[in-house]
Amino acid sequence: MPLSGPSFQIEPQAVYRAMRRDHGPVVPVELPGGFPAWLVIGYRELHQVTSDGELFPRDVGLWNQWEHIPQDWPLLPMVGRPLPSIYFSAGDEHRRHARMVGPALEGADPLEIRRHCEQLADRLIDAVCSTGTADLVADFCEPLPVLVLARLVGFPDDEGASIARVLKDLADGGPGAQEAHLRFGEHMARLVAAKRAAPGDDVTSRMLAFPEEFTDEEYMLDLMAITAAGHLTTADWMSNSLRLMLTEDEFAQSMAGGRRSVAEAMNEVLWEDGPTQILAGRWAARDTRLGGRPIRAGDMLLLGLGAANTDPLIRQSLTGGGSSAQGGNGAHFAFSHGEYRCPFPAQEIAETIARTGIEVLLDRLPDLRLRVPVADLVRRPSAFLRGTTALPVRFTPVRTTGDLP
Ligand code: HEM
C-alpha cells in the first residue's frame, strides 16, 4: 500500500489500525516512485528491529534498490547516502561518531540551556506580545529550538538567525533547498575553523577537544546532523503539545495552572502524536523473518514509531488499559530505541527547550486561545513527520520585557 495521502495527515492512527487489521505487525508498503519497503508497526517487532543493530543496521548503503533510484528522487535527502557522519554511518564507524558527539552534547549545562531558552523565548514573544495575535508555529515553536541549538553549538546570535532561515528553506524543499544545503555546510565549516582558533564552552569546542582524530568534514557533517535532527522535531513537539493544550478541555481548563499540565501534554504527545511518526530506517544485513514476513538482505525497514506506541497488544500492559499514557511511563518509541536512537543528552536538550519554551509562553500570555476552529488546523503534509503547520491564537496584549519595570 502507498505510504502517502491525506489520511496520514488527518488521522494516522486510523491508518495504522487498518494496516494492523489487514497486514499484521509488518506491512509491505510502497514509497513514492513505487519502491518497496516494510513498515514495522508492531511494538514487539519494532523493539526487535531497533535492539538488533547487527541484523538491522541503519546502513543505507545496504539498500537493494539503489540501482533503480533516480538522482532527483524526492525522498533522497531524507533517506540519505552513506556519509562519514553520525546519522549516515553504521557499525563501528557510527560508534566512533557517537562516542564523540554524545559527551559533547552532554557537556551542555542544563541550567545554562534553560537560561538561553528563557532569553530567546522572551525575545520571540516580545516581537508579537503587544499585537494580541500570533501564529505560535511561525512566531515561536519553529524559531525557538534552532536559535537555542545555534547558541549551544557555538554560533553568535546573528548567525543563529541565518541558520534558522537556512533550515526553513531546506524544510520547504523547492528550488532553494539545494542552495540552502550548501549555505548550511558553509556555516558549519566556518564554525569549526572559528572554534579551532578560539575554543569556548560549546558543543563544537567539546567535539574538537575529543582525543580521537576526525576530519573537518566529519565535524561539519556531525554538526549538520545535530542541528537538522533536533530543530524540527523539537518544534513539532512544542506545537503538538500546545495544540493539545489549546484544544482539549482537560488541558485548557488547567492551562494557566501550570507545570503539571505542560509535562502531561508533552508526555501524551510523545505517545500519541509524536514528531517522528515514521523513520527511514534500517536495512536488513541478511535474509531473515520478521513478524511472519520474509525479509531479504538489503530490504528497507521503516520504523513505525507512532504506530508501535499505540499497538493494542502492548498498550494494555504499559498503561493499565487507559486510553492515554499520562503516567509518565517512558517506554514509548518517540526517540526510537537501541544503538541508533536519539542520544540521551539530545533527548534532554529537546525536553528542556520544549518545556521551558511552553512555560515562558504561558507565563507571558496566560489567556492564549485559538483564533480559528479546531477543524481548520492543518498538519504537516507528510507521513513521516507529524507537526502542525500553523497555530493562530489571540490573547490580551501585554508589554514587552523591555517595557517592564
Ligand atoms: C522531540 C525532539 C526529538 C525527537 C522526537 C527526536 C527523534 C529522533 C529519532 C527518532 C532519531 C533516530 C533514531 C533511530 O534511527 O533509531 C534521532 C536521532 C538523532 N537525534 Fe534526535 N530527536 C529530537 C531532538 C533532538 C535534539 C534536540 C538533538 C540535538 C541536540 C537531536 C540529535 C539527534 C542525533 C545526533 C541523532 C542521531 C543519533 C545517532 O545516529 O546515533 N535530536 N532523533
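Residues numbered from 1 in each chain as written. Predicted model: local features only at pLDDT ≥ 70, side-chain atom pairs only at ≥ 80, totals over all residues. Heavy atoms only, no water.

1. Brief notes about the coordination of the iron atom of the ligand
Note on metal sites: the ideal angle is 109.5 degrees for four tetrahedral donors, and 90 or 180 degrees for six octahedral donors.
Step number 1: On the protein, Cys-342 (SG) is the one donor atom to the iron atom of the ligand, at 2.4 Å.
Step number 2: Secondary-structure assignment places Cys-342 in the loop between α16 (312-319) and α17 (344-364). (Donors = N, O, S within 2.8 Å, 3.2 Å for Na, K, Ca; no water. Helix = DSSP H or I, 4+ residues; strand = E, 2+ residues; numbered from the N terminus.)

2. Things to note about the site of the ligand
Step number 1: Surrounding the ligand, one finds 25 residues, the nearest of these being Arg-58, His-94, Arg-282, Ser-336 and Cys-342.
Step number 2: At 3.3 Å, a backbone N or O of Ile-86 approaches an oxygen atom of the ligand.
Step number 3: Between the ligand and the protein, one listed contact pairs an oxygen atom with a side-chain N or O atom of His-94 at 2.7 Å.
Step number 4: Secondary structure elements with two or more residues in the shell around the ligand: α12 (216-247), β4 (279-283) and α17.
Step number 5: The leading source of residues in the shell around the ligand is α12, at six residues.
Step number 6: A class-by-class count of the residues in the shell around the ligand yields 16 nonpolar, six polar and three charged. (Near = heavy atom within 4 Å. Polar contact = N/O pair within 3.5 Å; in protein donor to acceptor, adjacent residues only side chain to side chain. Nonpolar A, V, L, I, M, F, W, Y, C, P; charged D, E, K, R; others polar.)

3. Some remarks on the pattern of salt bridges
Step number 1: All chains considered together, the criterion is met by 29 salt bridges.
Step number 2: Residue Arg-183 pairs with Asp-169 through a salt bridge whose shortest N-O separation is 3.0 Å. Of this pair, Arg-183 sits in helix α10 (residues 177-197) while Asp-169 sits in helix α9 (residues 157-171), placing them 14 residues apart in sequence.
Step number 3: Here Glu-179 and Arg-183 are joined by a salt bridge, their closest N and O atoms 3.3 Å apart. (Salt bridge = Lys/Arg side-chain N within 4 Å of Asp/Glu carboxyl O.)

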